[in-house]
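Okay, here's what each chain looks like letter by letter:
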Amino acid sequence: MEPIISIQNLNHYFGQGSLRKQVLIDINLDIYRGEIVILTGPSGSGKTTLLTLMGGLRSAQEGSLKILGQQMCGANKRQLTEIRRQIGYIFQAHNLMTFLTAKQNVRMSLELHEEILDEDLDAKATAILEHVGLGDRVNYYAENLSGGQKQRVAIARALVSHPKIVLADEPTAALDKKSGRDVVELMHKLAKEQGCTILMVTHDNRILDIGDRIIYMEDGHLKNDSVDADVLTPIN
Ligand SMILES: Nc1ncnc2c1ncn2[C@@H]1O[C@H](COP(=O)(O)OP(=O)(O)OP(=O)(O)O)[C@@H](O)[C@H]1O
């Protein structure tokens, strides 16, 4: 099976001149369709940098990073945009438009896909909101939803167009324990139904069991892949 993301000898640097600092060091990683991959490790170890590179949110500098067959080292803006259209994003702060309703927020993401513009986008948005348990909140403004409900809308928005890859950066950070658990279980369920790959950065040890694979990073190195959650060093 072809990996959906394939990384070889990837290095990444921030800053210029004497301030130049290497934050990813010789990363090698293959990720396959349908996997739920959790990136964990201490603060500053490079998790978010790697996640944003794998999501086409920043340009790759050195080595090889292929997303859905497209080489991202040296990719131009058009190629980056094309890759981003095929990825769903879920962030810690849900990033909903608070002055739009739940349905309008989900619909906006569908409107980015020209090939479905003649379909009933309102019906599609409503259906996925029902699927995430928000059938009675479809026409609520996002500002009137709870934290967990907003994150469910964010999940619906990320998954409604059936992306092959979903990136989630600390999706439970702003949620209480129960809402956090509900949210990741929902992501897990939808991802398995749709066969999409989820890449998730988290400090939340309580959700590590959701992952098919746990990748542990330290000081820019990928230290461990698929280790058992129980033997991980404590996460800050
Ligand atoms: N835009 C930037 N400019 C300069 N340095 C950066 C930038 N973004 C991140 N860094 C540095 O790169 C290193 C890795 O950061 P990164 O955010 O990837 O780590 P992380 O493991 O996700 O941390 P956290 O768990 O705290 O979010 C850190 O030393 C950080 O200070």
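All of these numbers come straight from a predicted model, not from anything done at the bench.

Draft legend 1. Just the nonpolar core, in detail. By size, the foremost hydrophobic cluster in this structure holds 60 residues, and its most contacted members are L39, V153, I155, A156, V166, I198 and L199. Per-element accounting of this core gives the leading share, six residues, to helix α5 (residues 147-159).

Draft legend 2. Expanded view of the site of the ligand. By nearness alone, every residue bordering the ligand is listed as F14, G15, V23, S43, G44, S45, G46, K47, T48 and T49. Examining the composition of the shell around the ligand, we find that three residues originate from one element, helix α1 (residues 47-54), more than from any other. Its residues assigned to classes, the shell around the ligand comprises two nonpolar, seven polar and one charged.

Draft legend 3. Main features of the pairing of strand β1 (residues 5-14). Bridge analysis of β1 against strand β2 (residues 21-31) gives seven bridges, and the strand direction is antiparallel. Across the sheet, H12 pairs through a bridge with L24, a residue of β2. Between β1 and β2, which follow one another and run antiparallel, lie six residues, and G15 among them has a positive phi close to 85°. Taken together, the five bridges between β1 and strand β4 (residues 62-67) define a ladder with antiparallel strand orientation. Opposite Q8, over in β4, you have S64 as the bridge partner.

Draft legend 4. Main features of unusual backbone geometry. Phi is positive for L68, which is not a glycine, with a value near 50°. The topology assignment puts L68 in the loop between β4 and β5 (70-71). Accessibility expressed as a C-beta count within 10 Å gives 16 for L68, which makes it partly exposed.

Draft legend 5. The arrangement of the sheet that holds β4 in detail. With antiparallel pairing, four strands are arranged side by side in an open sheet as β2-β1-β4-β5. Strands at the two margins of the open sheet, each flanked by one partner only, are β2 and β5. Strands β1, β2 and β4 of the sheet are contacted by α1, whose axis makes an angle of about 55° with β2.

Draft legend 6. Inspection of the sheet that holds strand β8 (residues 197-201) at higher detail. If you trace the six strands from one edge of the open sheet to the other, you get β6-β7-β8-β3-β9-β10, paired in mixed fashion. Looking at the sheet topology across the chains shown, the edges are occupied by β6 (87-91) and β10 (221-225). For this sheet the average axis-to-axis angle between neighbouring strands, irrespective of direction, equals 20°. In the sheet, β6 pairs with strand β7 (residues 165-169) via five bridges, with the strands oriented parallel. Within β7, the position partnered with I87 by the bridge is I165. Across the sheet, α1 lies against β3 (36-40), β7, β8 and β9 (213-218), angled at about 155° from β8, the strand it touches most.

Draft legend 7. Just helix α4 (residues 121-131), in detail. Buried residues of α4: A125, T126, I128 and L129, and no others. The buried residues of α4 all sit within an arc of 165° when viewed along its axis, so they share a single face. Two residues or fewer after α4 comes G133, characterised by a positive phi angle close to 85°.

Cut-offs used in this document
Residues numbered from 1 in each chain as written. Predicted model: local features only at pLDDT ≥ 70, side-chain atom pairs only at ≥ 80, totals over all residues. Core = buried A, V, L, I, M, F, W, Y, C linked by C-beta atoms within 7 Å. Buried ≥ 20, exposed ≤ 12 C-beta atoms within 10 Å, placed from the backbone. Helix = DSSP H or I, 4+ residues; strand = E, 2+ residues; numbered from the N terminus. Near = placed C-beta within 6 Å. Nonpolar A, V, L, I, M, F, W, Y, C, P; charged D, E, K, R; others polar. Pairing = 2+ DSSP bridges. Contact = placed C-beta atoms within 7 Å. Axes fitted to C-alpha atoms, helices over the stretch in contact; angles between N-to-C directions. Arc of directions from axis to C-beta.

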